[in-house]
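# Geometric and topological summary
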Amino acid sequence: MPNTRPINVGILGATGTVGQRFILLLGSHPYFRIHTLGASARSAGRSYLSATAWKQTQPVPASARDLIVQQCLPEHFKDVEIVFSGLDADVAGDIELAFRAANIPVFSNAKNHRRDPTVPLIVPLVNTSHFSILPYQRSLLNPKPSRSFIVTNANCVATACAVPLAALERAFGPLDTVVITTLQAISGAGYPGVPSMDIFDNVVPYIGGDEEGKLEWELTKILGRIADENGASMQGDGDARSFIPAQLRVSAACNRVPVLEGHTACISARFKQQPPPSIDAILDALRGFTCEAQILGCPSAPKSALIVHDEQDRPQPRLDRDVQRGAGVSVGRIRPCKVLDVKFVVMANNVAIGAATSSIINAEVAVEKGIIVPP
């Protein structure tokens, strides 16, 4: 880390499911120090331990248990240099804007600002070059902040799908068509989640909140390119002004299944360039895929962005979701598709790389690239 002093961070929505994950991951982080916790007015004024219904398998970190919970107002976060937002979408939008206006950078897990044309939607294993839009985002604000911005991470299952698709596009050029069927864990619905009478001994072929639409749209932004002031495509870092969506047709069918953690997706894909690459070439591309977060040495980045399984019955949520602390993506059953070109199975931990872990790696990348500059 360029700066040796720990960076004070705040967590918005600290008592919720995603907020609890942030606290676990940041409790002894080498870059960041938990300084302030924010939640609703009914939790404010109480110690974190007494304010939260803790649902994690590990105890509350000592660095958080006695902190007094504050309301999610910027004036309570004056000594904080970054906030991580685990807020529900019902309230996240305006609160995150208020923190940006107060010159505090926001790394958000919420969906509210993902479609903003100046807000990057970053899967940290895929498209950290999209940080290049941030100077332009700041330039449009009045008054113009000196250091703040909003960065969002993606929908949990979009994150899982984006990584192998990005690996294929990097090696073989653009994809033309992708068909996805998801098997999504109940933790993706938050707590208390799906009623037991609905999910036990059952599969629910619908997930509310336009889950299918989010997956289809988000992949085009994540896999898209950044453009300069003339609308020309850019490679790597630079003064980006807009995003160019990937010209990719995506059809998604999303299902809720009785699994606690770990989203699975069955994917078929067609390449624009024909004839398609061989399965052996595809396997080599997936195994060799690396990302900027790994190259920069970010502490929360996985050793392998993609773990490629040779076994016929892998990946599986119960066996693979906690490998690398849930920070990577597992892929297997890679084989020819008789309708498109290739089909495979993807699995990722929806409450780790699909949520808080992504936000934290995004912030680590921002530190390493000098985007986060302590005051």
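Going by the structure above, here's the rest.
Residues numbered from 1 in each chain as written. Predicted model: local features only at pLDDT ≥ 70, side-chain atom pairs only at ≥ 80, totals over all residues. Heavy atoms only, no water.

### Observations regarding the pattern of salt bridges
This is how it is decided: Any Lys or Arg side-chain nitrogen located within 4 Å of an Asp or Glu carboxyl oxygen qualifies as a salt bridge. Runs of H or I in DSSP of at least four residues are treated as helices and runs of E of at least two as strands, each being numbered from the N terminus. Think of it in three bands: with a 1.4 Å probe and only protein chains considered, a residue is buried below 20% of the maximum accessible area for its type, exposed above 50%, and partly exposed in between.
Across all of its chains, the model carries 12 salt bridges by this definition. A salt bridge links R249 to D176; its shortest N-O distance comes to 3.1 Å. One end of the pair, R249, is in strand β11 (residues 249–256); the other, D176, is in strand β7 (residues 175–184), and 73 residues separate them in sequence. Under the relative-accessibility criterion, D176 is labelled buried at 19%. When the shortest N-O distance is used, the salt bridge between D176 and K272 registers 3.6 Å. Separated by 96 residues along the polypeptide, D176 in strand β7 and K272 in the loop between β12 (263–271) and α9 (279–287) bring together distant segments of the chain. Within the structure, one salt-bridge network assembled from shared partners comprises D176, R249, R270 and K272.

### Some words on the pairing of strand β2 (residues 32–39)
In summary, the side chains of a regular strand alternate between the two faces of the sheet. Quick reminder of the rule: The criterion for strand pairing is that DSSP finds at least two bridges linking the strands in question. Every crossover in which the path from the first strand over the helix to the second runs clockwise, viewed with the strands pointing away from the viewer, is termed right-handed.
The buried fraction of β2 amounts to six of the eight residues, a majority that puts the element mostly inside the structure. Pairing between strand β1 (residues 7–12) and β2: six bridges, direction parallel. Bridge assignment links L12 to a residue of β2, and that residue is G38. You can see the chain leave β1, run along helix α1 (residues 17–26) and come back into β2, and the turn it takes is right-handed. Pairing of β2 with strand β3 (residues 70–71), which is carried by two bridges, proceeds in the parallel orientation. Its bridge partner lying in β3, G38 is registered against Q70.

### Points about the sheet that holds β11
Using the following cut-off: To obtain an axis, a line is fitted to C-alpha atoms, over the contacting stretch when the element is a helix, and the angle between two such axes runs from 0 to 180 degrees between their N-to-C directions. Only heavy atoms enter the contact rule, under which two residues are in contact if any of them lie within 4.5 Å.
The six strands are arranged β11-β7-β12-β15-β14-β13 in an open sheet whose pairing can be described as mixed. Each having just a single partner strand, β11 and β13 (306–308) make up the two edges of the open sheet. In this sheet, adjacent strand axes meet at a mean angle of 20° when their direction is disregarded. Of the strand pairs in this sheet, β13 and strand β14 (residues 329–336) are connected by three bridges, and their pairing is parallel. Within β14, the position partnered with V308 by the bridge is V331. Packed on one face of the sheet, helix α6 (residues 156–172) meets β7, β12, β13, β14 and β15 (342–348) and runs near 30° to β12. Each of β7 and β11 touches helix α8 (residues 211–222); the most contacted strand, β11, lies at about 145° to it.

### Here we look at the nonpolar core
Just so we agree on the cut-off: Throughout this description, the term nonpolar core refers to a set of buried Ala, Val, Leu, Ile, Met, Phe, Trp, Tyr and Cys residues connected via side-chain atoms within 4.5 Å.
With 93 residues, the main nonpolar core has F32, F84 and F107 as its most contacted residues. Ranked by residue count, the leading element in this core is α6, at 11 residues. Apart from residues lying up to four places away in sequence, F107 is in contact with I82, V83, F84, S85, F131, F149, V151, S359, N362, A363, A366 and I372. Counting 13 residues, the second largest nonpolar core, distinct from the first, contains V80, V83, A92 and I150.

### Some thoughts on the packing of aromatic side chains
Our working rule: Stacked, tilted and edge-to-face are the three classes applied to pairs of Phe, Tyr and Trp rings, where Trp contributes its six-membered ring and a pair requires centres within 6.5 Å; stacked means planes under 30 degrees apart, edge-to-face means over 60, and tilted covers the rest. Think of it as a cone above the ring: NZ of Lys or CZ of Arg counts as a charge over the ring if it is within 6 Å of the ring centre and within 35 degrees of the ring normal.
Applying the stated rule across the entire model yields eight aromatic pairs. With 5.8 Å between their ring centres and 70° between their planes, F32 and F84 make a pair best called edge-to-face. Residue F32 is located in strand β2, and its partner F84 is located in strand β4 (residues 82–85); the two are separated by 52 residues in the primary sequence. Judged by its relative accessible area of 0%, F84 is buried. Centroid distance F77 to F99: 5.1 Å. Interplanar angle 85°. Geometry classified as edge-to-face. Of this pair, F77 sits in the loop between β3 and β4 while F99 sits in helix α4 (residues 89–101); the two residues are 22 residues apart in sequence, bridging distant segments of the chain. The burial state of F77 is the same as that of F99; both residues are buried. Among the aromatic side chains, those forming a connected cluster through ring pairs are F22, Y31, F32, F84, F107 and F149. The ring of W217 has R115 lying over it, and the distance from NZ or CZ to the ring centre is 4.2 Å.

### With respect to the environment of P315
Its place among the elements puts P315 in the loop between β13 and α11 (317–320). For the pair P315 and V329, spaced 14 residues apart in sequence, the C-alpha separation works out to 9.5 Å. Once residues within four sequence positions are removed from consideration, P315 is found in contact with H309, D320, S330, V331, G332, V345, V346 and M347.

### Section: the sheet that holds strand β8 (residues 225–227)
Spatially, β9-β8-β10 is the arrangement adopted by the three strands of the open sheet, whose pairing is antiparallel. Single-partner strands in this sheet number two, and they are β9 (233–234) and β10 (242–244). As paired elements, β8 and β10 share three bridges and run antiparallel to each other. When the sheet's bridge partners are listed, R225 is paired in β10 with I244.

### Points about α1
α1 sits mainly inside the fold: eight of its 10 residues count as buried. Within α1 the residues assigned to the buried category are V18, G19, Q20, R21, F22, I23, L24 and L26.

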